[in-house]
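# Structural description and commentary
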Amino acid sequence: MSNPIRILALARRGGEIALIAVAMVALSSVFEAKAAEGGSWMVASAEGAVTIDGQAAGTSVSAIGPGAVIETGADGNVVLTRPGDSITVFANSKMSVPATDNGGEAGILQTLGKLLFRMESRESRDFKIDTPYLAAAIKGTTFTVEVDNDDAVVEVEEGSVLVTAKRSGQSAYVGAGERASVGGGGGDSVKVSDGGDDDGDGDGDGEDGEEGESDESDESDESDESDESDESDERDEPDGHDSPDSPDGGESDESDEKDD
């Protein structure tokens, strides 16, 4: 016969185990939410020469921890993801995930190359990309950041990005279809332009238009000169048969009749 006291003890122990299991599931959900908000990036795909903290990268890497440095070679390409966000690191690029002191959302430090950001729109977020020349702050958008030895360029596809020059502190909002650059010939100011425009293209169109007008004017002048020349030639041509001074003209005929 079963002991009732033992059965009661086992039931209590089973309840405690169930309670612990529920608590662990709840804590796991909290940790996953914090990881998504805080910036635990995962390697979704890696091709070519890609290193993380100096070691060859692969999809087996569980997470990109704070302080991790990611570099790509001439044929390298890596995609990092987390819930709602993704970063594509193109060839010949270098970035890192700095640690945060206040527990907020970790941004990105980009020192070289080109990165494509697709960030979910969240009003509470404060995601930043730091470069040697500018800082970009976003709430949610799609844009690229390209850095070389002379300048940094932000080009926005969707949403808007607040771009701030690191030295001067000047800021400007960059909307969809626009680009902002800091450094190079622009100095320490934020230079905003249309995304499809290169330097000097706008002026070039105007110059081409003026040249076209000039060519048309030249053609018109040549045509006028030609018409005037034709009219002049017609006026100067002698009428050999009707002119009285002509040797074969009317006076000569009258003289011959008198002689007859």
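Reading the values: rules and limits
- Residues numbered from 1 in each chain as written.
- Predicted model: local features only at pLDDT ≥ 70, side-chain atom pairs only at ≥ 80, totals over all residues.
- Heavy atoms only, no water.
- Helix = DSSP H or I, 4+ residues; strand = E, 2+ residues; numbered from the N terminus.
- Buried < 20%, exposed > 50% of the residue type's maximum accessible area, 1.4 Å probe, protein only.
- Contact = heavy atoms within 4.5 Å.
- Areas by Shrake-Rupley, 256 points an atom, 1.4 Å probe, with all protein chains shown as cover.
- Phe/Tyr/Trp six-rings, centres within 6.5 Å; stacked < 30°, edge-to-face > 60°.
- Lys NZ or Arg CZ within 6 Å of the ring centre and 35° of its normal.
- Pairing = 2+ DSSP bridges.
- Salt bridge = Lys/Arg side-chain N within 4 Å of Asp/Glu carboxyl O.
- Core = buried A, V, L, I, M, F, W, Y, C linked by side-chain atoms within 4.5 Å.
- pLDDT = per-residue confidence, 0-100.

### Quick look at the overall build of the protein
- Within the protein one finds three helices and 16 strands.
- Among the 260 residues that make up the protein, the fraction classed as buried is 27%.
- Considering only contacts within the protein whose residues lie at least 6 apart along the sequence, 40% involve residues at least 24 apart.
- If you sum the accessible surface of the protein, you get close to 16,600 Å²; carbon and sulfur atoms cover 47% of it.

### Notes on the packing of aromatic side chains
- All chains considered together, the criterion is met by two aromatic pairs.
- Note on Phe 117 and Phe 143: the rings are 5.1 Å apart at their centroids and 15° apart in plane angle, and the pair reads as stacked. Placement of Phe 117 in strand 8 (residues 108-119) and of Phe 143 in strand 11 (residues 141-147) is noted, with a sequence separation of 26 residues between them. For the pair Phe 117 and Phe 143, one class covers both residues: buried.
- Taken together through their ring pairs, the aromatic side chains of Phe 117, Phe 127 and Phe 143 make up a single cluster.
- Between Lys 114 and the ring centre of Phe 90, over which it is positioned, the NZ or CZ distance is 5.7 Å.

### Remarks on the pairing of strand 4 (residues 69-72)
- Residues of strand 4 alternate between two faces, with Ile 70 and Thr 72 buried on one and Val 69 and Glu 71 left unburied on the opposite face.
- Strand direction decides the pairing type here: strand 4 and strand 7 (residues 94-96), joined by three bridges, are antiparallel. Bridging from a neighbouring strand, Ile 70 pairs with Met 95 of strand 7.

### Description of the pairing of strand 12 (residues 151-158)
- Two strands pair when backbone bridges link them, and strand 11 and strand 12 are joined in this way by six bridges, in the antiparallel orientation. Its bridge partner lying in strand 12, Thr 142 is registered against Glu 158.
- The hairpin turn running from strand 11 into strand 12, its antiparallel successor, is three residues long.

### Details of the pattern of salt bridges
- Across all of its chains, the model carries three salt bridges by this definition.
- Its salt-bridge partner being Asp 85, residue Arg 82 comes within 2.9 Å of it at the nearest N-O pair.
- Judged by relative accessible area, which is 5%, Arg 82 ranks as buried.
- In this structure, Arg 122 engages Glu 120 in a salt bridge whose closest nitrogen and oxygen atoms are separated by 3.1 Å.

### As for the nonpolar core
- Counting residues in each nonpolar core, the largest one holds 38 residues, and the members touching the most others are Trp 41, Ile 64, Leu 80, Ile 108, Phe 117 and Phe 143.
- When residues of this core are assigned to their parent elements, the largest contribution, four residues, is made by strand 8.
- Filtering out sequence-adjacent residues up to four positions away, Trp 41 remains in contact with Ala 63, Ile 64, Leu 80, Thr 81, Arg 82, Asp 85, Ser 86, Ile 87, Val 97, Ile 108, Met 119 and Phe 127.

### Quick look at unusual backbone geometry
- Not every positive phi belongs to a glycine, and Asp 53 is a case in point at roughly 55°.
- Mapped onto the fold, Asp 53 is located in the loop between strand 2 (50-52) and strand 3 (55-56).
- Positive phi values are uncommon outside glycine, yet Asn 92 reaches one of about 55°.
- Here Asn 92 is to be found in the loop between strand 6 (85-89) and strand 7.
- A relative accessible area of 45% places Asn 92 in the partly exposed class.

### Here we look at the confidence of the model for the protein
- When the pLDDT values of the protein are averaged, the result is 74; 57% of them are 70 or greater.
- No element of the protein has a lower mean pLDDT than helix 3 (residues 250-259), which averages 44, and none a higher one than strand 8, which averages 97.
- Within the model, pLDDT remains below 50 along residues 199-220, and this stretch shows one contact once partners closer than five positions in the same chain are excluded.
- In this model, residues 237-260 is a region of pLDDT below 50 whose contacts with residues beyond four sequence positions or in other chains number six contacts.

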